[in-house]
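# Reading the structure
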Amino acid sequence: MTPEPLASGRLRRHCDTARLPFVTTADLDDLAEGIGQMRAIEAVHFGIGMRHAGYNLYVMGPPGSGKRTLIRHLLDRRVAEEVPPVDWCYVHNFAQPHKPRAIHLPAGMGVRFRDDMHQLVTELQSAIPAVFEGEEYRRRLEQIDEEYAERQSQTFGAVGDDAVQHGIILLRTPNGFSFAPAKGDEVMAPDAFDKLSDADKARIEQEIGRLQGALEKAIRQVHQWRRERIERVRKLNEEAVLFAVGHLIDELRAAYAEHPAVCSHLDAVQQNVIASMDEFRHPKEGMPALAALSGEAANFGRFLVNLLVGREAAGGAPVVYEEHPTYHNLMGRVEHIAQLGALVTNFQLIKPGALHQANGGYLLLDALKLLSQPFAWEGLKRALSTHALRIESLGQLVSLVSTVSLEPEPIPLDTKVVLFGNRTLYYLLAEYDPEFGELFKVAADFEDEVERTPDNDLLYARLIGTLARRDALRPFDREAVGRVIEHGARRAEDAHKVSIHVESLADLIRQADYWAAMDRRDLVTRADVERAIAAQIRRSDRMRERSHEAILRGILHIDTTGEAVGQVNGLSVFQLGDFTFAQPSRITATTRLGEGELIDIQREVKLGGAIHSKGVLILASFLATRYAAEQPLSLSASLTFEQTYGQVEGDSASVAELCALLSSLANTPIRQALAVTGSVDQFGRVQAIGAVNDKIEGYFDICSMRGLSGEQGVIIPVANVAHLMLRQDVVDAAAAGRFHVWAVETVDDALELLTGVQAGTPEQAGSLSRRVADRLKHFAELLRASGKRAGGRSGGQHGQADA
């Protein structure tokens, strides 16, 4: 029996607002965990609860589905109960200055340690010079100097007295000491010395030689005393410095007694302060010449603390979202400054990355942004695999620069990474990156839609209310909520489901609130939602209007009345950004005698996609199986989409193509008032397709503009009836009998609607299938006859040649 048109009640599922237990969304509580995301929520709870290595999360779902908001909500509730992680500081390594040391302290103590060290340096700068200017230090230094001077004087005096007793004088000259013979208290003149007897001269020379030895011994002794003096002065200086700063550092040791790393660093600081006391006494002398002339202050930065990451003692675990996940933004960096024409650095120029900030907590990243940044993905994997954070310059990493840099001590890493991305990216990473599965063992898959049930309708209403309150919008009344739910079902392309794409829902809510404000209403009504939906379409449908104009002016040839052989109205869908629309496409088929060749013109000119080509091959298989199972398929046929100049993809036109082909074979016209959509299998069953609502409305719009006659309509697969959420004007036209929608299960049902002839079987007289079979049989006979004639001519020619 020929299928009957669908009742108007089956073309759209209205929301029963009488069952919604509220007046406006202001009466409803906020919705905290979204709708229908229990699978994803369970996965997130499992992932953040597992503290073992590798249990990081990949949260997948389309953009705008509310993934980030829900994850932040779940994490915010959890981290409030967690202990805040430690603070991390970098300090100068006095043994190896290019390898700064990392020190961790309880949350909140890092700031105190930094401030304490800054205060210590400030006090050292005043305390050390002051102690060297004190009376006690001066007195003890003078005492040491006096002792040294007295011993030196006594030693040289003894040598001088010995010389005098033997008639020799000890002389002090700019070049040192020397001996000369004396005459009384004066040095003997050379003439007088020459007049001395040889015995006297020999005696004097012997005595001078002896005294020279004594003088050398005395000089050696004086040098030894000088070294002793320097050592005593050094010890005096150390005692003075230790007296000035010892109690300051001892106070810090007591304050940080429970932190051995800090105490060890304070010991090193004390030793270096003592060793570099002259820098504190005479700051300018230890500076480079140009720096001293420029008036810069002395640099005691090596004693300070670089607080890399500081926490609040009651802040909970950190949750960090890095918007721009470059390598350095993730892993940290060592900055450089220009000094005297060169790039230099120090441990205070070490800057943290997002992993440092999130250490001990959670790091949220966009997977696509992460993979788009050079070296960022590899750096993250390396950090997660080694459980350590190493700050390395990219230039050094790839050996591009030779600038002197630092090698900061690695910091242990304990963070949970949450990646946000789409499903395609997840499966690509799982397939092609062997480390991905080891590091991201938990996948949280967000649903795109949920069932339309009374409970979910109420949850949806709560979601609407939550979004409205979040953006300070007007409450929605029940009818407005019902219309939003219906629109959500339309976005889901399913009358029994509703889309939970949060961003699209939020956009609609904001726009409906705008129109309510324009009309000065305190509540958002159904009319406001309708107006918002219409305005969304209006802003995007310029190309659809141009397409309709081309059809109505006859530029694109689309018949909506009359009959034609081998021609049928298919339905094509176009996606332009977020806007989808459909329009009829004229599909034609021609048949002739041949050897079973079915030409898909779109494929031949490379304008047909693989799925479309598959659909054509399937209908060719159906044709051969039904009508040429025991004889050759003796035809040649061509199929094409007329006046299409772009790519054709999908198999939703395969029913229309098959009907056009059978119409041409049977020489039976097709009603041009009808359009058809659906794919077909090898047994002639009609299968579901996508965008069924857009396709029906696209054909309805053309028919409506030309005038509805009551004969027009669209044939769809039975499997798509559950997806119908048509516009209200289409439903009203169907209710009035001016437009129809038929649902078919087989291609025979579609043929009967299109041609008005019973499809039947190849054996059934008068049926469409019999006409096709007879035509193919005729083609086969013609092919055999032409073959015999060709064979006879060939044989005669051979006979003559033999004669």
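Scroll up a little and you will see the structure.
So, here's what we can say about the structure.

Calculation rules
Residues numbered from 1 in each chain as written. Predicted model: local features only at pLDDT ≥ 70, side-chain atom pairs only at ≥ 80, totals over all residues. Heavy atoms only, no water. Salt bridge = Lys/Arg side-chain N within 4 Å of Asp/Glu carboxyl O. Buried < 20%, exposed > 50% of the residue type's maximum accessible area, 1.4 Å probe, protein only. Pairing = 2+ DSSP bridges. Helix = DSSP H or I, 4+ residues; strand = E, 2+ residues; numbered from the N terminus. Axes fitted to C-alpha atoms, helices over the stretch in contact; angles between N-to-C directions. Contact = heavy atoms within 4.5 Å. Disulfide = S-S within 2.5 Å. Phe/Tyr/Trp six-rings, centres within 6.5 Å; stacked < 30°, edge-to-face > 60°. Polar contact = N/O pair within 3.5 Å; in protein donor to acceptor, adjacent residues only side chain to side chain. Expected span 1.5 Å × (residues − 1). Bend = angle between axes of the 7 residues up to and from the residue. Parallel < 35°, antiparallel > 145°, perpendicular 65-115°, else oblique. Left-handed = near helix turned anticlockwise from the far one by under 90°. Nonpolar A, V, L, I, M, F, W, Y, C, P; charged D, E, K, R; others polar.

This part covers the pattern of salt bridges. Evaluated as defined, the whole model comprises 49 salt bridges. For the salt bridge of Glu549 with Arg553, the shortest nitrogen-to-oxygen distance reads 3.3 Å. Owing to a relative accessible area of 32%, Glu549 belongs among the partly exposed residues under this scheme. For Arg553, a relative accessible area of 61% puts it in the exposed group.

Okay, the sheet that holds strand β1 (residues 57-60) next. On the basis of which strands lie adjacent, the open sheet formed by five strands has the order β8-β13-β16-β1-β17 and parallel pairing. Single-partner strands in this sheet number two, and they are β8 (319-321) and β17 (442-445). Pairs of neighbouring strands in the sheet enclose a mean axial angle of 20°, with direction left out of account. Bridge analysis of β1 against strand β16 (residues 416-421) gives four bridges, and the strand direction is parallel. Residue pairing in the sheet places Leu57 in a bridge with Val418 of β16.

What follows concerns the sheet that holds strand β4 (residues 168-173). If you walk across this open sheet you meet the three strands as β4-β5-β6, and the pairing is antiparallel. Whereas interior strands pair on both sides, the edge strands pair on one side only; in this sheet they are β4 and β6 (186-187). Here strand β5 (residues 176-183) pairs with β6 via two bridges, running antiparallel. By the bridge assignment for β6, Ala182 is matched with Val187. Each of β4 and β5 touches helix α4 (residues 135-165); the most contacted strand, β4, lies at about 140° to it. Packing against the sheet, helix α6 (residues 198-255) makes contact with β4 and β5, and its axis sits at approximately 150° to β5.

Residues Leu57 and Val59 line one face of β1 and the alternating positions Tyr58 and Met60 line the opposite face, and both faces are buried. Here four bridges tie β1 to β17, and the two strands are oriented parallel to one another. Residue Leu57 lies in a different strand from β17, and its bridge partner there is Val442.

This part is about the state of the cysteines. Tallied over the entire structure, the rule returns zero disulfides. Left without a disulfide partner, Cys89 is nearest to the cysteine sulfur of Cys263, which lies 14 Å away. On the accessibility criterion, Cys89 (1% relative accessible area) is buried.

So, on to the packing of aromatic side chains. Summed over all chains, the structure comprises 16 aromatic pairs. A centroid spacing of 5.5 Å and a plane angle of 20° characterise the contact between Phe436 and Phe440, whose relative ring orientation is stacked. Classification of Phe436 as buried rests on a relative accessible area of 1%. By relative accessible area, which is 3% here, Phe440 ends up buried. Their ring planes at 85° and their centres at 5.1 Å tell us that Phe700 and Phe739 sit as a pair that is edge-to-face. Within this pair, whereas Phe700 is found in helix α25 (residues 692-706), its partner Phe739 is found in the loop between α26 (728-735) and β30 (740-744), the two being separated by 39 residues in sequence. Each member of the pair, Phe700 as well as Phe739, carries the same accessibility label: buried. Grouped by ring-pair contacts, the aromatic residues Tyr58, Trp377, Tyr426, Tyr427, Phe436 and Phe440 constitute a single cluster.

With five of five residues buried, strand β2 (residues 87-91) is to be regarded as a mostly interior element. The alternating pattern of β2 places Asp87, Cys89 and Val91 on one face and Trp88 and Tyr90 on the opposite face, and all of these are buried. The pairing of β2 with strand β3 (residues 101-105) spans five bridges and is classified as antiparallel. Across the sheet, the residue bridging to Trp88 is His104, located in β3. Sheet topology note: the β2/strand β7 (residues 305-309) ladder contains four bridges and is antiparallel. Bridging across to β7, Cys89 finds its partner in Leu307.

Now for the side chain of Arg586. Along the polypeptide, Arg586 turns up in strand β22 (residues 579-593). Of note is the side chain of Arg586, whose polar atom sits 3.4 Å from the side chain of Gln643. Beyond its immediate chain neighbours, meaning those up to four positions away, Arg586 contacts His557, Ile558, Gln567, Val568, Thr640, Phe641, Glu642 and Gln643.

Below, the discussion takes up α6. In this model α6 runs 83 Å from its N-terminal to its C-terminal C-alpha over 58 residues, within 8% of the 86 Å that 1.5 Å per residue would give. At Val245, α6 shows its largest kink, close to 45°.

What follows covers the packing of α6 against helix α7 (residues 260-275). How two helices pack is summed up by the angle between their axes together with the distance between the axes. One can describe the packing of α6 onto α7 by two numbers: an axis separation of 10 Å at closest approach and a directional angle of 160°. Viewed along their axes, α6 and α7 adopt a mutual orientation that is roughly antiparallel. Handedness of the crossing formed by α6 with α7: right-handed. Seen from α6, the contacting residues are Glu238, Val241, Leu242, Ile249, Leu252 and Arg253; seen from α7, they are Cys263, Leu266, Asp267, Gln270, Val273 and Ile274. For the contact of α6 with α7, the per-class residue count stands at eight nonpolar, one polar and three charged.

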